[in-house]
Amino acid sequence: MPSFAYKGRNSSSGALVQGELDSASEEAVANVLIGRGVIPLEIVARGASGGALKIKWGGDKIRTEDVMLFSRQMHTLLKAGVPIMRALGGLQESTVNPGMTRTLREVRESLDSGRELSAALARHPKVFTPFYIAMMKVGELTGQMDEIFMRLFDHLEFEKFMHDQVKSALRYPIFVSVVMIAALVVINLFVIPAFAKVYKAAGAELPLITRLLVGFSDFMVATWPVLLLLTIGGVWLFRGWTKTAAGQLQWDAIKLRIPIAGKIVLKATLARFSRSLALALKSGVPIVQALNVTAQTVGNHHVARCVDRMREGVERGESVLRTAHGTHVFTPVVLQMIAVGEESGALDDLLGEIAEMYQREVEYELKTLSAQIEPIMIVCLGILVLIVALGVFLPIWDLGKTMIK
């Protein structure tokens, strides 16, 4: 019987679980893990040669928009009284994404075999997040599946909006920085060497700033292959570092401290945290489990670690306010709203208001981002132009005065 290595996440605690199982197929391993309360993330078949053969769950990429559409359509069908199996069958036939069609077919097969909907969806962790699965379990317990699907649609729509907004916020400064670096490379490799030949032919004494520019240009011309390889290697090492657990944690913490853009990323992250926790609490999820699934939706490993520490503190009997204050991530506004929410028993409503407030602030910050960045970029560009102009044209000016005399 073949052996399979697996990685998964405990559905109640969120802890990472890994090991090996002997089974007939990867589907059988997935069934065993789900029965143990573990959501499978990766199942790898051990070949006879000792190598690992990765099993892909689903072939075509399923986007957030596909899951949003699925949630909205399920809400409409269930609210109209359509049985869940018939609703899934209709969506399977009408879905244009082959990957989503395959997923829905496998979900129906799981339901036919006696599984609950949450367990059937949990077999596709790359499509349905732990937060999505947790909300499905709440819907099954409360009998409000149609309402849960609608809340999930609103949640996914909000998540997509915030993600797109943050990407938009970072696109402009990155583009301008790349253009400035490219201009520096062109000037040092092509422009300054041409002027250096003229200065050398004239034999005049060069000003200090010109000597520095020419020296730096000569260095780049002589070592540009090495510099190019170092740049590519640096990018490769950086990407590899950010894919490690420690690297992701440190990079996400650094992103929150980037001037101008960092505060936008923080507000977007706090908005996601507030909206996710509010939705979970409003749907009846216990606070400990709500914090656990919320940590997996904030989109920032540093903040997720802080939310995990909050969950651990609440498990020890501490208040949400005290644990949140100890993370040093949440703003005074968020802490104040949490304090009022805990005291009044309306924490979910106040968290929803925090999410809406930060959503509006992120939209405003993005609209004014150009106005905030442009002065800095103009100053940097002006300094660059001034240095190049003085270094290039001062010797020409001195040569002109010598010829006049």
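Thresholds, definitions, all that
Residues numbered from 1 in each chain as written. Predicted model: local features only at pLDDT ≥ 70, side-chain atom pairs only at ≥ 80, totals over all residues. Heavy atoms only, no water. Helix = DSSP H or I, 4+ residues; strand = E, 2+ residues; numbered from the N terminus. Buried < 20%, exposed > 50% of the residue type's maximum accessible area, 1.4 Å probe, protein only. Contact = heavy atoms within 4.5 Å. Areas by Shrake-Rupley, 256 points an atom, 1.4 Å probe, with all protein chains shown as cover. Expected span 1.5 Å × (residues − 1). Bend = angle between axes of the 7 residues up to and from the residue. Salt bridge = Lys/Arg side-chain N within 4 Å of Asp/Glu carboxyl O. Core = buried A, V, L, I, M, F, W, Y, C linked by side-chain atoms within 4.5 Å. pLDDT = per-residue confidence, 0-100. Axes fitted to C-alpha atoms, helices over the stretch in contact; angles between N-to-C directions. Parallel < 35°, antiparallel > 145°, perpendicular 65-115°, else oblique. Left-handed = near helix turned anticlockwise from the far one by under 90°. Nonpolar A, V, L, I, M, F, W, Y, C, P; charged D, E, K, R; others polar. Phe/Tyr/Trp six-rings, centres within 6.5 Å; stacked < 30°, edge-to-face > 60°. Lys NZ or Arg CZ within 6 Å of the ring centre and 35° of its normal.

(A) View of the overall build of the chain. When helices and strands are tallied, the chain shows 16 helices and four strands. In the chain, which comprises 405 residues, the proportion classed as buried is 41%. Residue pairs in contact within the chain that sit at least 24 positions apart in sequence constitute 60% of those at least 6 positions apart. Carbon and sulfur atoms make up 62% of the accessible area of the chain, which totals about 22300 Å².

(B) Inspection of helix α8 (residues 208-243) at higher detail. Taking 1.5 Å of rise per residue, the 36 residues of α8 would be expected to cover 52 Å, yet its terminal C-alpha atoms sit only 45 Å apart, more than 12% below that figure. Along its length, α8 reaches its greatest deviation from straightness, about 75°, at Thr223, and the proline Pro225 lies no more than four positions downstream. Those residues of α8 that sit buried are Thr210, Leu213, Val214, Ser217, Met220 and Thr242.

(C) Region of interest: the pattern of salt bridges. Under the counting rule described, the total for this entry stands at 12 salt bridges. Ionic pairing is found between Arg311 and Glu315, a salt bridge with its closest N-O pair at 3.5 Å. Of the two residues, Arg311 and Glu315 both sit in helix α12 (residues 301-315), four residues apart, roughly one turn of that helix. When salt bridges with common partners are traced through the structure, they connect Lys263, Lys267, Glu361 and Glu365 into a single cluster.

(D) Looking closely at the nonpolar core. Counting 80 residues, the largest nonpolar core has Phe70, Phe128, Tyr132, Met136 and Phe149 as its most contacted members. If we ignore the near neighbours within four places in the chain, the residues touching Tyr132 are Val67, Phe70, Ser71, Leu121, Phe149, Leu152 and Leu156. Ile187, Ala196, Leu213 and Val214 belong to the second largest nonpolar core, which has nine residues in total.

(E) How the structure looks around the confidence of the model for the chain. Residue-level pLDDT values for the chain average 82, and 89% of them are 70 or greater. Mean pLDDT across the elements of the chain bottoms out in strand β4 (residues 52-54) (39) and peaks in α12 (91). Taken as a whole, residues 48-59 scores under 50 in pLDDT and shows 16 contacts with residues more than four places along the chain or in a different chain.

(F) Inspection of the packing of helix α14 (residues 332-344) against helix α15 (residues 347-367) at higher detail. Taken N-terminus to C-terminus, the directions of α14 and α15 make an angle of 160°; their axes are 8 Å apart at the nearest point. In terms of orientation, α14 lies roughly antiparallel with respect to α15. The element α14 and its partner α15 pack so that their crossing is right-handed. When α14 is examined against α15, the residues Val333, Val334, Met337, Ile338, Val340, Gly341, Glu342 and Ser344 are found in contact with a partner set consisting of Leu347, Leu350, Leu351, Glu353, Ile354, Met357 and Tyr358. In the contact of α14 with α15, the residues fall into 11 nonpolar, two polar and two charged.

(G) Focus on the packing of aromatic side chains. Counted by the stated rule, this structure contains six aromatic pairs. Residues Phe238 and Trp241 carry aromatic rings whose centres are separated by 6.0 Å and whose planes lie at 45° to one another, so their mutual orientation is tilted. Residue Phe238 and its partner Trp241 are both found in helix α8; the two are separated by three residues, about one turn of the helix. For Phe238, a relative accessible area of 36% gives the class partly exposed. Note on Trp241: relative accessible area 30%, which makes it partly exposed. Measuring from ring centre to ring centre gives 5.1 Å for Phe238 and Trp251, while their planes differ by 90°; the resulting arrangement is edge-to-face. Of this pair, Phe238 sits in helix α8 while Trp251 sits in helix α9 (residues 245-255); the two residues are 13 residues apart in sequence, bridging distant segments of the chain. Overall, the relative accessible area of 27% leaves Trp251 in the partly exposed class. A network of ring pairs unites the aromatic residues Phe70, Phe128, Tyr132 and Phe149 as a single cluster. Directly above the ring of Phe153 sits Arg72, whose terminal nitrogen or CZ lies 5.0 Å from the centroid. The cationic tip of Arg275 hangs over the ring face of Phe158; the distance from NZ or CZ to the ring centre is 4.1 Å.

(H) Quick look at the environment of Val320. Looking at the secondary structure, you find Val320 in helix α13 (residues 320-327). Taking relative accessible area as the criterion, Val320 reaches 6% and is therefore assigned buried. In this structure Val320 touches Ile287, Met310, Val314, Ile338 and Glu342, once residues within four positions along its chain are discounted.

(I) A look at the packing of helix α11 (residues 287-295) against α12. As a packed pair, α11 and α12 sit with axes 9 Å apart at the nearest point and diverge in direction by 170°. If you check the angle between α11 and α12, you find them roughly antiparallel. Between α11 and α12, the contacting residues are Ile287, Val288, Leu291, Asn292 and Ala295 on the first element and Ala304, Val307, Asp308, Met310, Arg311, Val314 and Glu315 on the second.

(J) Structural detail: α14. A rise of 1.5 Å per residue sets the reference length of α14, with its 13 residues, at 18 Å; its end C-alpha atoms lie 18 Å apart and thus fit the reference within 8%. For α14, the secondary structure elements touched by its buried residues are α10 (261-282), α13 and α15. Phi turns positive, to about 80°, at Gly345, one or two residues after α14.

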